[in-house]
Amino acid sequence: SAVISQKPSRDICQRGTSLTIQCQVDSQVTMMFWYRQQPGQSLTLIATANQGSEATYESGFVIDKFPISRPNLTFSTLTVSNMSPEDSSIYLCSVREGTNGYTFGSGTRLTVV
Amino acid sequence: GQNIDQPTEMTATEGAIVQINCTYQTSGFNGLFWYQQHAGEAPTFLSYNVLDGLEEKGRFSSFLSRSKGYSYLLLKELQMKDSASYLCAVREGNRLAFGKGNQVVVIP
């Protein structure tokens, strides 16, 4: 299965600042996704990162807050903008491989102070 | 949209069997996944069901009933390393929608 490198693995940020999270895959994949996992909670899909076009956002998530780039088939970034303590969470990228396989990166643990 | 429900936590003894249930309501079902997630780590794939019935993979089995919107994950011969959160996820199109997860604590 694909190997996903996600960084940073963790960060502590001041409120009002922005953080960009990178996701690098060792093979070309069509579908890439960004999830948020708040403390003690399950995963919530933020958006689908589309190569060559704008990301598709889920209800409750907007591009101004979570801009996403997908410049090629192996790389994507998620930016968490104008952060507040409520944005403290784990952010994970995921790729879909083949018909049924979904693999996850190791996550970025973000703390906003 | 979707509504996925899982119980939250259970404790079991090493060597025992546990069953973790997942019920779902979805407008477009395209398969159900089970993932294991250890604290601080990424979810890892356990099983996938798209047709009704039981899928067995070593100590782990997963069952699906599409008509009932129901799945379960069966963990046999529990080991301490099985202490983790178990997440069911329903695939709608290309998207995965996750349940809240069930924390399993294995005790000696």
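Below is a summary of the structure that appears in this document. No experiment lies behind these values; they were computed from the predicted model shown.

1. A word on the overall build of chain B
Along its length, chain B carries zero helices and 11 strands. Going residue by residue from the N terminus, the α and β elements of chain B occur as β-β-β-β-β-β-β-β-β-β-β. The C-alpha atoms of chain B give a radius of gyration of 13 Å, which matches the 13 Å a tight globule of 108 residues would have. Taken along the three principal axes of its C-alpha coordinates, chain B extends 40 × 30 × 20 Å. Residues counted as buried form 47% of the 108 residues belonging to chain B. Here the analysis covers contacts within chain B between residues at least 6 apart in sequence; of these, 54% occur between residues at least 24 apart.

2. Observations regarding the interface of chain A and chain B
Taken together, the contact pairs 18 residues of chain A with 17 residues of chain B. Connecting chain A to chain B are one salt bridge. Taken together, chain A and chain B are joined by eight residue pairs in polar contact (both at pLDDT 80 or more). For the side of chain A that touches chain B, the elements supplying multiple residues, two or more each, are strand S4 (31-37), strand S5 (43-49), strand S9 (89-97) and strand S10 (101-104) of chain A. Considering every element that reaches the side of chain A that touches chain B, the biggest residue donor is S4(A), with four residues. Per-class residue counts for the side of chain A that touches chain B are eight nonpolar, seven polar and three charged.

3. With respect to unusual backbone geometry
Residue and element names in this part refer to chain A. In this model, Lys-7 is joined to Pro-8 through a cis peptide bond whose omega is 5 degrees. Among the structural elements, Pro-8 can be located in the loop between strand S1 (4-7) and strand S2 (10-13). Notably, Asn-82 is not glycine yet its phi reads approximately 45 degrees, a positive angle. Position of Asn-82 among the secondary structure elements: in the loop between strand S8 (75-80) and S9.

4. Observations concerning the packing of aromatic side chains
Aromatic ring pairs: the centre-centre distance and the angle between the two ring planes describe each pair. Scanning the model with the defined rule gives 17 aromatic pairs over all chains in all. Relative to A:Tyr91, the ring of A:Phe66 lies with its centre 6.5 Å away and its plane at 45 degrees, an arrangement referred to as tilted. Remark: A:Tyr91 occurs in strand S9 and A:Phe66 occurs in the loop between strand S6 (56-57) and strand S7 (68-72); sequence separation between them is 25 residues. Its relative accessible area of 0% is what places A:Tyr91 among the buried residues. Taken together, a centroid distance of 6.1 Å and an interplanar angle of 25 degrees make the contact between B:Phe33 and B:Tyr35 stacked. B:Phe33 sits in the buried class, given a relative accessible area of 0%.

5. Here's the deal with the layout of surface pockets
A volume near 610 Å³ is recorded for the largest pocket. If you trace the largest pocket, you find 30 residues lining it, with A:Gln37, A:Gly40, A:Gln41, A:Ile90 and B:Gln37 closest to the centre. If you list the elements that add at least two residues to the lining of the largest pocket, you get S9 and strand S11 (108-112) of chain A together with strand S9 (84-92) of chain B. Element by element, the count of residues in the lining of the largest pocket is highest for S11(A), at four residues.

Rules of the game
Residues numbered from 1 in each chain as written. Chains lettered and ligands numbered in written order. Predicted model: local features only at pLDDT ≥ 70, side-chain atom pairs only at ≥ 80, totals over all residues. Heavy atoms only, no water. Helix = DSSP H or I, 4+ residues; strand = E, 2+ residues; numbered from the N terminus. Rg over C-alpha atoms; globule rule 2.2 N^0.38 Å. Buried < 20%, exposed > 50% of the residue type's maximum accessible area, 1.4 Å probe, protein only. Contact = heavy atoms within 4.5 Å. Salt bridge = Lys/Arg side-chain N within 4 Å of Asp/Glu carboxyl O. Polar contact = N/O pair within 3.5 Å; in protein donor to acceptor, adjacent residues only side chain to side chain. Nonpolar A, V, L, I, M, F, W, Y, C, P; charged D, E, K, R; others polar. Phe/Tyr/Trp six-rings, centres within 6.5 Å; stacked < 30°, edge-to-face > 60°. 1 Å grid on protein atoms, 1.4 Å probe; cavity = no way out; pocket = protein on both sides within 12 Å on 5 of 7 lines; lining within 4 Å. Points joined across faces, edges and corners; volume = space filled by probe spheres on them.

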